[in-house]
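Each chain, letter by letter, is given below.
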Amino acid sequence: MLAKYGFNTGLRQAHFVGQAFEETGALTSAKEKGDAEYFRKMYENYTPSDAAYDFDNKYNWIKKLGYLKNRNRSEYIAKRPAEVHEKAVSRGNISPGDGARFKGRGLIHLTWRDGYGDYAKFRARDFTTDPNPEKLESDAETAADSAGYYWIKINIMKKADRGRGDIDVKECFKKVGGAGGLAERTLFFHYADFILGDSPDFPAELKLERQSEDI
């Protein structure tokens, strides 16, 4: 996959690894976490009752994800459901269950019916008919390839080539479109860059422990 999509420098590879490790929990899972209710509310149908409950019980969560937009309770309840519906329709999630069916999958999460459909056209394979969407999480080659495809499609490489500073990690993160974890993505990048860049010195600021062996 790295060769296919042009990850031909250590810097490019480190940026990819930094983002992919946060998305997958350090390669422990190639699918977005959540239950059917969560995926319905995120990618399909969000009701005023859902909005009221989340505002009253998950305020910090919706604020962290950027959904609050400085709105008070009544404004959030009035506007957020329409935002979810409009985005779902614009990305092709129009059938019941599409939220869970086309949840984030792959080493860099591919999401939405249209996202899966575009990748299916690119590969000349079916990834939208059940149970084929699950191949993006269960098949290692597809999980990796879909991530490389997405990285190139939205031109993250241009951001990755700019450098190895924290701001460069942040700019890649913006293009990936993840909901959080910038601090973790930054740590993973600097660790990967240390390895792939063949640096003699472990970055002192990292809160990761370098693996060692007993002699």
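That block above? That's the structure.
Computed from a prediction, not measured in an experiment: that's the story for all the values here.

**Student:** Which parts of the structure should I look at to understand the side chain of arginine 40?
**Tutor:** Note on placement: arginine 40 falls in helix H2 (residues 36-43). A polar atom in the side chain of arginine 40 sits 3.0 Å from the side chain of aspartate 50. In contact with arginine 40, not counting residues within four places along its chain, are Asn45, Tyr46, Thr47 and Asp50.

**Student:** Quick question: what am I supposed to make of the pattern of salt bridges here?
**Tutor:** Oppositely charged side chains may form a pair once their charged atoms are brought near each other. Inspection of the entire model under this criterion finds 22 salt bridges. With a closest N to O distance of 2.9 Å, arginine 185 and glutamate 23 form a salt bridge. Taken together, the positions of arginine 185 in helix H12 (residues 182-196) and glutamate 23 in helix H1 (residues 10-24) put the pair 162 residues apart, joining distant regions of the chain. An identical accessibility class is assigned to arginine 185 and glutamate 23; each is buried. Taken together, the shared-partner salt bridges in this structure form one network comprising Lys4, Arg123, Glu141 and Asp145.

**Student:** It is not clear to me how H12 should be interpreted in this structure. Could you clarify?
**Tutor:** Two residues of an α-helix separated by three or four positions point the same way, owing to the 3.6 residues in each turn. Helix length check: H12, at 15 residues, gives a terminal C-alpha distance of 20 Å against a target of 21 Å (1.5 Å per residue), a fit within 8%. Buried within H12 we find Arg185, Thr186, Phe189, His190, Ala192, Asp193 and Phe194. Structurally, H12 contributes buried residues whose contacts are with H1 and helix H11 (166-176). Residue aspartate 198 follows H12 closely and has a positive phi angle near 55 degrees.

**Student:** Explanation requested: the nonpolar core in the structure shown.
**Tutor:** Residues Phe7, Phe16, Leu107, Ile108, Leu110, Tyr149 and Trp151 are the most contacted members of the largest nonpolar core, which totals 25 residues. When residues of this core are traced back to their parent elements, those giving at least two are H1, helix H7 (113-123), helix H9 (140-153), helix H10 (156-160) and H11. In terms of residues, this core owes the most to one element, H9, which gives six residues. Of all hydrophobic cores here, the second largest spans 16 residues; its members include Phe39, Met42, Tyr67 and Ile77.

**Student:** Just to check I follow, could you spell out the side chain of aspartate 54 for this structure?
**Tutor:** Tracing the chain through its elements places aspartate 54 in helix H3 (residues 48-57). For aspartate 54, the side chain forms a polar contact with the side chain of tyrosine 46, separated by 2.7 Å. Excluding anything up to four places from it in sequence, aspartate 54 contacts Lys41, Tyr46, Tyr59, Trp61 and Ile62.

Cut-offs used in this document
- Residues numbered from 1 in each chain as written.
- Predicted model: local features only at pLDDT ≥ 70, side-chain atom pairs only at ≥ 80, totals over all residues.
- Heavy atoms only, no water.
- Helix = DSSP H or I, 4+ residues; strand = E, 2+ residues; numbered from the N terminus.
- Polar contact = N/O pair within 3.5 Å; in protein donor to acceptor, adjacent residues only side chain to side chain.
- Contact = heavy atoms within 4.5 Å.
- Salt bridge = Lys/Arg side-chain N within 4 Å of Asp/Glu carboxyl O.
- Buried < 20%, exposed > 50% of the residue type's maximum accessible area, 1.4 Å probe, protein only.
- Expected span 1.5 Å × (residues − 1).
- Core = buried A, V, L, I, M, F, W, Y, C linked by side-chain atoms within 4.5 Å.

Nothing here speaks to function; it is geometry throughout.
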